[in-house]
Amino acid sequence: MTVQPIRLFGDPVLRTPADPVVDFDVELRKLVADLTDTMREQNGAGLAAPQLGVGLRVFTFDVDDVVGHLVNPVLEFPDAEEQDGPEGCLSIPGLYFDTKRRQNVIAKGFNRYGDPMQIVGTGLMARCVQHETDHLDGVLFLDRLDPAGRKEAMKAIRQAEWYDPATPPTVKLDPHASGSLFGLGR
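First, a word on scope: everything that follows refers to the structure included in this document. Just so it is clear, the structure is predicted and the values come from calculations on it, not from any experiment. (Residues numbered from 1 in each chain as written. Predicted model: local features only at pLDDT ≥ 70, side-chain atom pairs only at ≥ 80, totals over all residues. Heavy atoms only, no water.)

### A few points about the packing of aromatic side chains
So, point 1. Counted under the stated rule, the structure contains two aromatic pairs.
So, point 2. Ring plane angle 65 degrees and centroid distance 5.9 Å describe the contact between F24 and F110, whose orientation is recorded as edge-to-face. On the criterion of sequence distance, the pair formed by F24 in the segment before helix 1 (26-41) and F110 in strand 6 (residues 104-110) is long-range, its members being 86 residues apart. (Phe/Tyr/Trp six-rings, centres within 6.5 Å; stacked < 30°, edge-to-face > 60°. Helix = DSSP H or I, 4+ residues; strand = E, 2+ residues; numbered from the N terminus.)

Written out as structure tokens, the structure reads:
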């Protein structure tokens, strides 16, 4: 087991878009194993490489007893149905806030050997895939909260035991240039 330390909110690596994986080698397979071990140790539903300080487009997931990973994910949304519910993050430990996500997603990418794969997710799996792919884009779930939710979240973060005021965090007001959640309008 190779459990690694998880980077916390305020660490710049969490705001840096990850690079695509180009080498499907033994190092990538070790990264996937480290991500899986760390995610399981922390009882997480997912973990992205930037959360371990690695700027590559890879994440792992463990949702409803389905454990896996995806490299270089690209998301498609088959419909406009949304879900709204509590979401947390291993990089923002112990805090959960209601977050809107798409209800259904199709994630295409590769496994650790470079073979094409696809995840069709709904509900919690869809939430997890979107959350982890956001990490790969330098986006945190806090960025998806409405202004009142962001204010509440930042207050809770500043009161958290793990918060370091010497590392000023940033919250992006709009992670998508269209100015709306999923391009559908708020």
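### Observations regarding the environment of V105
So, point 1. You can see V105 is positioned in strand 6.
So, point 2. Sequence separation between V105 and L75 is 30 residues; the distance between their C-alpha atoms is 6.7 Å.
So, point 3. Not counting the four nearest positions on each side in its chain, V105 is found in contact with L75, E76, F77, P78, I119, V120, G121, A126 and V129. (Contact = heavy atoms within 4.5 Å.)

### With respect to unusual backbone geometry
So, point 1. One non-glycine residue, N43, lies in the positive phi region at around 55 degrees.
So, point 2. Relative to the helices and strands, N43 is located in the loop between helix 1 and strand 1 (46-48).

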